[in-house]
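Chain residues, written in single-letter form:
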Amino acid sequence: MTTRASSVPPRSSGRLSRPPCRYRFPSAASGVGEHGLIGVGADFEPGTMLAAYHAGIFPWPVPEMDVVAWCSPDPRAIFPLDVEPHWSRSLRRSMRNKPFKVTVDQDFAGVLEGCGDRRGGTWITGELVRGYLQLHELGWAHSLEVWNTDSGALVGGIYGLALGSCFTAESMFHRETDASKVAFASMVELLRPTFTIFDAEVPNPHLDSLGCVPLARAQFLAQLERALQDDVVFPRLG
C-alpha cells in the first residue's frame, strides 16, 4: 500500500464527510486465497477504514501474528434483501415469544464488547475497537441491540457499516440462546425497505443457515458501486 491524500465531498445522510486516507489500496478484485487477501499493514483510522470499505475491502486483524490483513473474498456472502425472508420456525418463535427488546444505536460500545468476548480468541483488537467507535461517532457505523426485558441485560447484537444503500455486517454475538439470530433477522427487517445490499463478508455454514448466499466478487463489486451512489439514511425503529 502506498500513501496518498484524498478528499471526499460531504454526504447528506446523517454521516460526516469521509476523512482523508493516507493509503492506496490494491484493487479489491486482486484478492487471493480463501479470504481474498489483498495486502497487510495500514491502520484503523476512520479515513483508512472508509476507503477500504468503499472499495469492497475489510480489515481482518491477526493478533497472534501482529498484522492486519485486508480482504476481499470471492465469493462474498450476502443476504438477499429483495426477497421475503424465510426464517426458521425456532427463530420465529424466539422473535415472537422470548422476552427480547430490539434497539438501534443505543449501546454500540456494548455490542463491540460482546462481539469481542470470545473464549477462542478474537480478531476485534483494541485498535480496531477504537476505529469502529470513531466511525460510529461520525455516523458511519451502527449497531442493533437485543435486550432481555426481564433482566434489562444486553444479550445479543450485531454491528457494521452503512455505505450508501449497502450495510456491511462485521460481527454479532449472543449471551442467550437465539439472541444473535434475532439480532441478524431484526437487522434484515430493518434494512429491507431502503437498503439494496446486506453484506455478510465471508461465507460460512452459520451464515448459510440464516439465509445468506454466495455472490461472485465481480458481481458484488458492481452492486456495491451502484449502492454507493445512494444517499440513504440509516433506518431507525418506529
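Residues numbered from 1 in each chain as written. Predicted model: local features only at pLDDT ≥ 70, side-chain atom pairs only at ≥ 80, totals over all residues. Heavy atoms only, no water.

Novice: Which residues make up the overall build of the chain, and what values do they have?
Specialist: Assigned secondary structure in the chain consists of 7 helices and 12 strands. By the compact-globule yardstick of 18 Å for 238 residues, the chain fits well, its C-alpha radius of gyration being 17 Å. The buried share of the chain, reckoned over its 238 residues, is 51%. Accessible surface, the chain as shown: approximately 11300 Å² in total, 52% of it carbon and sulfur. Taking the average location of the 22 positive side-chain charges in the chain and that of its 26 negative ones, the two points are 4 Å from each other. (Helix = DSSP H or I, 4+ residues; strand = E, 2+ residues; numbered from the N terminus. Rg over C-alpha atoms; globule rule 2.2 N^0.38 Å. Buried < 20%, exposed > 50% of the residue type's maximum accessible area, 1.4 Å probe, protein only. Areas by Shrake-Rupley, 256 points an atom, 1.4 Å probe, with all protein chains shown as cover. Lys, Arg positive; Asp, Glu negative; His and termini not counted. Charge placed at Lys NZ, Arg CZ, Asp CG, Glu CD.)

Novice: Provide a residue-level description of the environment of Trp147, including the pertinent values.
Specialist: Mapped onto the elements of the fold, Trp147 is located in strand S8 (residues 141-148). Along the sequence, Trp147 and Lys101 sit 46 residues apart, while their C-alpha atoms lie 5.0 Å from each other. Leaving out residues up to four positions away in the same chain, Trp147 has contacts with Pro99, Phe100, Lys101, Thr103, Asp107, Gly152, Ala153, Leu154 and Val155. At 2.8 Å, the side chain of Trp147 and the side chain of Thr103 are in polar contact. (Contact = heavy atoms within 4.5 Å. Polar contact = N/O pair within 3.5 Å; in protein donor to acceptor, adjacent residues only side chain to side chain.)

Novice: I'd like a description of helix H1 (residues 46-54), backed by residues and values.
Specialist: A large share of H1 lies buried, amounting to 9 of its 9 residues. Of the positions making up H1, those classed as buried are Pro46, Gly47, Thr48, Met49, Leu50, Ala51, Ala52, Tyr53 and His54. Two residues or fewer after H1 comes Gly56, characterised by a positive phi angle close to 85°.

Novice: Which residues make up the pattern of salt bridges, and what are the values?
Specialist: This structure, assessed with the given rule, holds 5 salt bridges. In this structure, Arg76 and Asp199 form a salt bridge, with 2.8 Å as the shortest nitrogen-oxygen distance. Here Arg76 is found in strand S6 (residues 76-79), whereas its partner Asp199 is found in strand S11 (residues 197-201), with 123 residues between them in sequence. Just as Arg76 is buried, Asp199 falls in that class too. Linking Arg236 and Asp105 is a salt bridge whose minimum nitrogen-to-oxygen distance equals 2.5 Å. Of this pair, Arg236 sits in the segment after helix H7 (217-227) while Asp105 sits in the loop between strand S7 (100-104) and helix H3 (108-116), and the two are 131 residues apart along the sequence. (Salt bridge = Lys/Arg side-chain N within 4 Å of Asp/Glu carboxyl O.)

Novice: Can you lay out a nonpolar patch on the surface for me, pointing to particular residues and giving the numbers?
Specialist: A surface patch of nonpolar side chains, amounting to about 310 Å² of accessible area, comprises Val32, Leu37, Val40 and Val67. Inspection of the secondary structure assignment puts Val32 in the loop between strand S2 (23-24) and strand S3 (37-40). (Patch = residues over 30% accessible without salt bridge, like charges linked within 9 Å, V, L, I, M, F, W, Y side chains within 5 Å.)

Novice: Which residues make up the sheet that holds S11, and what values go with them?
Specialist: If you walk across this open sheet you meet the 7 strands as S7-S8-S9-S10-S11-S6-S12, and the pairing is mixed. Taken across any chain shown, the strands that pair with only one partner, and hence form the sheet edges, are S7 and strand S12 (213-215). Taking the axes of each pair of neighbouring strands and ignoring which way they run, one obtains an average angle of 35° across the sheet. Strand direction decides the pairing type here: S6 and S12, joined by 3 bridges, are antiparallel. Of the residues in S12, the one forming a bridge with Ile78 is Val213. Here H3 sits on the sheet and contacts S8, strand S9 (154-163) and strand S10 (166-174); the angle it forms with S9, its principal contact strand, is near 105°. (Pairing = 2+ DSSP bridges. Axes fitted to C-alpha atoms, helices over the stretch in contact; angles between N-to-C directions.)

Novice: Quick one: what's the story with the sheet that holds strand S5 (residues 67-71), residue by residue and with numbers?
Specialist: Read from one edge to the other, the open sheet built from 3 strands follows the order S3-S5-S4, with strand pairing classed as antiparallel. Every interior strand has two partners, whereas the edge strands, S3 and strand S4 (58-62), have only one. Strand-to-strand twist in this sheet, taken as the mean axis angle between neighbours without regard to direction, amounts to 30°. Two elements, S3 and S5, share 3 bridges in a ladder whose sense is antiparallel. Paired with Val40 across the strands is Ala69, a residue of S5.

Novice: Can you explain the nonpolar core? Please cite residues and give values.
Specialist: Membership of the largest hydrophobic core comes to 43 residues, with the highest contact counts inside it found for Phe25, Met49, Trp70, Tyr132, Leu135, Tyr159 and Leu161. When contributions to this core are tallied by element, the ones reaching two or more residues are H1, S5, H3, helix H4 (126-137), S8, S9, S10 and H7. Broken down by element, this core gets its largest block of residues, 5 residues, from H1. In this view, Leu135 contacts Pro46, Met49, Leu50, Trp140, Ala141 and Leu161; residues no more than four positions away in its chain are not counted. One finds Phe79, Ala179, Leu190 and Leu191 within the second-largest nonpolar core, a separate group that totals 32 residues. (Core = buried A, V, L, I, M, F, W, Y, C linked by side-chain atoms within 4.5 Å.)

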